[in-house]
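Descriptive structure summary
Each chain, written out:
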Amino acid sequence: TRKIGELAADLSASATDVQHPLLKQHEKISNSLLLVITSNRGLCGGYNSSIIREAMHRVQQNSKDGITLHLELSGKRAINYFKFQQIPAEATYTQFEDKVTFEEIDTLATRYIAAYAAHKLDRVEVAYMKFISSSRQAPVVETLLPLSEVAPTGVKKAAKAVEYEFLPSAKGILEEILPMSFKVRLFKCFLDAAVSEQIARRVAMKGATENAGEIIKQLTRKYNRARQSNITKEISEVIGGAAALE
């Protein structure tokens, strides 16, 4: 994803005489699409709630700015939450699990590209859990369209401009690589979400296991104290009975 972003950024900067609809920022943001990616199942700590919290902030901001929001939801947790809040969604998906394929995302991305090029959408955003490292994930809302900044976050542009010779034409190459750059970034959002969900689930289960172990220790200690108390009481009764007989 990083390399294809770098390549798309360099090619776009070199072909300054070529205009592409995915690079063009619309003058006014009237229609914005927000895709929220959550899980279908629970038992993963605060994974879903943190993503939904970020998504709700963006929903409220769009409403405040007078922007028409087109909401799409992936995962039963987001679907149930927005249904409870009586916020309608234009599309819902439950098929994107931890083994999402590029072909599935390609269909979704192609529809977004067509809607943006036709000015039916002025912005495409995704709310998901971004994978930073195995010990750190962060809920974010990323803008994927327009591709004004084609390179993904964290990619440094080359200090020296790279000269390219375009064959057969710059337009033909950009028409191929820019949509692919968007599709790959959307695919990465789903992959990040999948691996972050599994990490959150593992952490939650580890915490639950440790808590259960601590509860077992406490209950065992209480049981042993009660048993010892009963034994001591019975011994005292036996000694008291023997003393009375003497």
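Here we summarise the structure given alongside this text. (Residues numbered from 1 in each chain as written. Predicted model: local features only at pLDDT ≥ 70, side-chain atom pairs only at ≥ 80, totals over all residues. Heavy atoms only, no water.)

On the surface, a cluster of positive charge is contributed by K217, R221, K222 and R225. Residue position: K217 is located in helix α5 (residues 170-245). The exposed category is assigned to K217, whose relative accessible area is 52%. (Patch = residues over 30% accessible without salt bridge, like charges linked within 9 Å, V, L, I, M, F, W, Y side chains within 5 Å. Areas by Shrake-Rupley, 256 points an atom, 1.4 Å probe, with all protein chains shown as cover. Salt bridge = Lys/Arg side-chain N within 4 Å of Asp/Glu carboxyl O. Lys, Arg positive; Asp, Glu negative; His and termini not counted. Charge placed at Lys NZ, Arg CZ, Asp CG, Glu CD. Helix = DSSP H or I, 4+ residues; strand = E, 2+ residues; numbered from the N terminus. Buried < 20%, exposed > 50% of the residue type's maximum accessible area, 1.4 Å probe, protein only.)

The element strand β2 (residues 68-74) is largely enclosed, with a buried count of 5 among its 7 residues. Across 7 bridges, strand β1 (residues 31-37) lies against β2 in parallel orientation. Note that in β2 the partner of V36 across the bridge is L73. Sheet topology places β2 next to strand β3 (residues 91-93); 3 bridges connect them, and they run parallel. Within β3, the position partnered with L73 by the bridge is T92. Following the chain from β2 across helix α3 (residues 76-84) to the adjacent parallel β3, one finds a crossover that is right-handed. (Pairing = 2+ DSSP bridges. Right-handed = clockwise from strand over helix to strand, strands pointing away.)

Now for the nonpolar core. Within the largest apolar cluster, 54 residues are counted, with the highest numbers of intra-cluster contacts made by L35, V36, Y112, L186 and F190. Examining the composition of this core, we find that 11 residues originate from one element, α5, more than from any other. Not counting the four nearest positions on each side in its chain, V36 is found in contact with I51, A55, L71, E72, L73, S74, A78 and A127. (Core = buried A, V, L, I, M, F, W, Y, C linked by side-chain atoms within 4.5 Å. Contact = heavy atoms within 4.5 Å.)

A word on the packing of aromatic side chains. If you walk through the whole model with that rule in mind, you get 4 aromatic pairs. Aromatic side chains Y81 and F82 sit 5.4 Å apart centroid to centroid with 90° between the ring planes, which places their arrangement in the edge-to-face category. Look at Y81 and you get partly exposed, because its relative accessible area is 28%. Its relative accessible area of 0% is what places F82 among the buried residues. An aromatic cluster is built from Y93, F96 and F190, whose rings are joined through pairwise contacts. (Phe/Tyr/Trp six-rings, centres within 6.5 Å; stacked < 30°, edge-to-face > 60°.)

The final tally for this structure, using the stated rule, is 1 cavity of 30 Å³ or more. Surrounding the largest cavity, 14 residues form its lining, I37, T38, F96, E97 and E197 being those nearest its centre. No other element matches the 4 residues that α5 contributes to the lining of the largest cavity. Class assignment for the residues of the lining of the largest cavity results in 7 nonpolar, 4 polar and 3 charged. (1 Å grid on protein atoms, 1.4 Å probe; cavity = no way out; pocket = protein on both sides within 12 Å on 5 of 7 lines; lining within 4 Å. Points joined across faces, edges and corners; volume = space filled by probe spheres on them. Nonpolar A, V, L, I, M, F, W, Y, C, P; charged D, E, K, R; others polar.)

Moving on, we come to the sheet that holds strand β5 (residues 136-145). Neighbouring strands of a sheet are bound in pairs by backbone hydrogen bonds; such pairs are parallel or else antiparallel. With respect to topology, 5 strands assemble into an open sheet ordered β3-β2-β1-β4-β5, the strand pairing being mixed. Edge positions in the sheet fall to β3 and β5, since each has one partner strand and no second. Each strand of the sheet is rotated relative to its neighbour by a mean of 25°, with strand direction disregarded. The sheet strands contacting α5 are β1, β2, β4 (123-133) and β5, and the helix crosses β4 at an angle near 45°. (Axes fitted to C-alpha atoms, helices over the stretch in contact; angles between N-to-C directions.)

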